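Analysis of the macromolecular model
Chain by chain, the residues run as shown.
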Amino acid sequence: SSRATNSITYITTTTMFRSTLVLALIAGVVAFAPIARKSVSSSLKMDFSGELGAQAPLGFWDPLGLLKNADQARFERLRTVEVKHGRISML
């Protein structure tokens with residue numbers, strides 16, 4: 001009886017170890033697997049003239065054309081970077 005219990009414990013421990021190892025390997029592979037991204041393009045031209053900072057007489061001023069075909073996410077990213085660099089330059 002004691003011998004049977006020990007062998008069952010060994011089998012259970014070995015099975016749990018192997019299962020944990022397999023799950024860890026799968027998690028590692030999934031972490032670095034490429035993600036299928038859905039490409040969404042918009043042919044709409046965004047109008048940023050109503051955004052904060054657009055003032056008369058210039059309105060929305062983009063002399064380099066960085067936002068020529070940009071979407072709202074690109075606009076917000078550039079604005080965030082601009083604020084960050086402005087704060088760093090004031091140090």
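You'll find the structure just up there.
Our subject in this report is the structure included herewith. (Residues numbered from 1 in each chain as written. Predicted model: local features only at pLDDT ≥ 70, side-chain atom pairs only at ≥ 80, totals over all residues. Heavy atoms only, no water.)

1. Quick word on the overall build of the protein chain
Defined as follows: Helix numbers and strand numbers start at the N terminus; a helix is a DSSP run of H or I with at least 4 residues, a strand a run of E with at least 2. Relative accessibility decides the category of a residue: with a 1.4 Å probe and only protein chains considered, values under 20% of the type maximum give buried, values over 50% give exposed, and everything between is partly exposed. Every accessible area reported is derived by Shrake-Rupley at a probe size of 1.4 Å, with residue values counting cover from the shown protein chains alone.
When its secondary structure is counted, the protein chain shows two helices and zero strands. In the protein chain, which comprises 91 residues, the proportion classed as buried is 4%. Entry remark: accessible area of the protein chain is about 8,700 Å², with carbon and sulfur atoms responsible for 63%.

2. Here we look at unusual backbone geometry
Following A56, the chain continues to P57 via a peptide bond in cis, the omega torsion being 5°. If you trace the backbone, P57 turns up in the loop between α1 (2-31) and α2 (72-89).

3. Considering a nonpolar patch on the surface
Basically, it comes down to this: Think of a patch as exposed residues, more than 30% relative accessible area, with no salt bridge, where like charges cluster within 9 Å and nonpolar side chains (Val, Leu, Ile, Met, Phe, Trp, Tyr) cluster within 5 Å. Salt bridge, as used here: a side-chain nitrogen of Lys or Arg that lies within 4 Å of a carboxyl oxygen of Asp or Glu.
Together, V22, L23, I26 and V30 make up a nonpolar patch on the protein surface, roughly 380 Å² of accessible area in all. Following the sequence through the fold, V30 ends up in helix α1.

4. A word on the environment of L78
This is how it is decided: Residues count as neighbours in contact if any of their non-hydrogen atoms are within 4.5 Å of one another.
Looking at where L78 falls in the secondary structure, it is placed in helix α2. If sequence neighbours within four positions are ignored, L78 has contacts with L66 and L67.

5. Topic: the packing of aromatic side chains
Rules: Pairing of aromatic rings covers Phe, Tyr and Trp, the last through its six-membered ring, and needs centres within 6.5 Å; plane angles under 30 degrees mean stacked, over 60 mean edge-to-face, and all others mean tilted.
Scanning the entire structure with this criterion turns up one aromatic pair. Arranged with centres 6.2 Å apart and planes meeting at 55°, the rings of F60 and F75 form a pair that is tilted. Of this pair, F60 sits in the loop between α1 and α2 while F75 sits in helix α2; the two residues are 15 residues apart in sequence, bridging distant segments of the chain. Since its relative accessible area comes to 32%, F60 is described here as partly exposed.

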